[in-house]
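Residue-level listing of the chains:
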Amino acid sequence: KVYKILKFGDYFNNVCFCEKKDVRKGELTDYGSSLPIEALQLGHKKFKDIPFFLEKRTDSSFDNMFFFNQKLPINSYVKKIHFLGISNSDGDMYDYLNIYGSKNKLVKKISFPSMLSEKPIYNEEVFFKYPFFYTKKGKSLIAKPSIWYTFIEIDDFIDFIDFPDNPIMHLFSITLEF
């Protein structure tokens, strides 16, 4: 298997990972929640032998992308696309990605359980479970949020992925499998 971590930091539009001193910058939820960077450092990670990369943009504190009609270029033949993400709602969330190839358009469902959910809803798996999360006031121990892993099978040439307008769904990392 051959993998390529997709660098898409230019599309980041949200702040999720915060240190204790920066909790007021958190934007993961409407209430300003954030995930503690001290519990899971950014950088290269592996899950099921699949490489991922968690990062912050160098020109801002943005570290993830909520779905907002982005068109992400791929320009490659791809077997699978692997995602690390989260739904910031109280419930589970899914939506459909429009994946454009040189000859056709694929519509693929992507889903993430609520960040507070204990169970997957489709084929997701827990990538990392946090011991706590931050609110604007500081550490909260009432729940242990998770970042979820999921994938979609493609087995086709992809020009680009067209993300829907869905601010509930957030992506942290994307890896292509060839």
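1. Examining the overall build of the chain
Each helix and strand counted, the chain has zero helices and 14 strands in total. Along the chain, from the amino end to the carboxyl end, the secondary structure elements read β-β-β-β-β-β-β-β-β-β-β-β-β-β. Here the C-alpha radius of gyration of the chain, 16 Å, is about what a compact globule of 178 residues would show, namely 16 Å. A total of 178 residues make up the chain; the buried ones form 53% of that total. Working note: accessible area of the chain is about 8,800 Å², and carbon and sulfur atoms make up 52% of it. Here the chain contributes 25 positively and 23 negatively charged side chains, and the mean placements of these two sets differ by 4 Å.

2. Looking at the side chain of Thr 150
Checked against the element boundaries, Thr 150 lands in strand S13 (residues 146-162). In this structure Thr 150 comes out as buried when scored by relative accessible area, which is 2%. At a separation of 3.0 Å, a polar atom in the side chain of Thr 150 contacts the side chain of Asn 123. Among all residues touching Thr 150, those that are not within four sequence positions of it are Ile 81, His 82, Phe 83, Ile 110, Ser 111, Phe 112, Asn 123 and Glu 124.

3. Focus on the side chain of Ser 111
Relative to the helices and strands, Ser 111 is located in strand S9 (residues 105-112). Of the polar contacts made by the side chain of Ser 111, one reaches the side chain of Glu 124; its length is 2.4 Å. Those residues in contact with Ser 111, other than ones at most four positions away along the chain, are Met 93, Tyr 94, Ile 121, Tyr 122, Glu 124, Thr 150 and Met 169.

4. Description of the packing of aromatic side chains
Tallied over the full model, the rule gives 13 aromatic pairs. With a centroid separation of 5.1 Å and 50° between ring planes, the pair formed by Phe 47 and Tyr 149 is classed as tilted. Highlighted residues: Phe 47 in strand S4 (residues 43-47) and Tyr 149 in strand S13, separated in sequence by 102 residues. Linked through ring pairs, Phe 47, Phe 52, Phe 127, Tyr 149 and Phe 151 together constitute an aromatic cluster. Positioned above the aromatic ring of Phe 151, the side-chain terminus of Lys 80 is 4.9 Å from the ring centre. Looking at Lys 139, its charged tip hangs above the ring of Phe 132, at a distance of 4.4 Å from the centre.

5. Notes on a nonpolar patch on the surface
Taken together, the side chains of Tyr 94, Tyr 96, Val 107 and Tyr 122 define a hydrophobic patch exposed on the protein surface, amounting to about 420 Å² of accessible area. Within the element layout of this structure, Tyr 94 appears in strand S8 (residues 93-100).

Procedures and definitions
Residues numbered from 1 in each chain as written. Predicted model: local features only at pLDDT ≥ 70, side-chain atom pairs only at ≥ 80, totals over all residues. Heavy atoms only, no water. Helix = DSSP H or I, 4+ residues; strand = E, 2+ residues; numbered from the N terminus. Rg over C-alpha atoms; globule rule 2.2 N^0.38 Å. Buried < 20%, exposed > 50% of the residue type's maximum accessible area, 1.4 Å probe, protein only. Areas by Shrake-Rupley, 256 points an atom, 1.4 Å probe, with all protein chains shown as cover. Lys, Arg positive; Asp, Glu negative; His and termini not counted. Charge placed at Lys NZ, Arg CZ, Asp CG, Glu CD. Polar contact = N/O pair within 3.5 Å; in protein donor to acceptor, adjacent residues only side chain to side chain. Contact = heavy atoms within 4.5 Å. Phe/Tyr/Trp six-rings, centres within 6.5 Å; stacked < 30°, edge-to-face > 60°. Lys NZ or Arg CZ within 6 Å of the ring centre and 35° of its normal. Patch = residues over 30% accessible without salt bridge, like charges linked within 9 Å, V, L, I, M, F, W, Y side chains within 5 Å. Salt bridge = Lys/Arg side-chain N within 4 Å of Asp/Glu carboxyl O.

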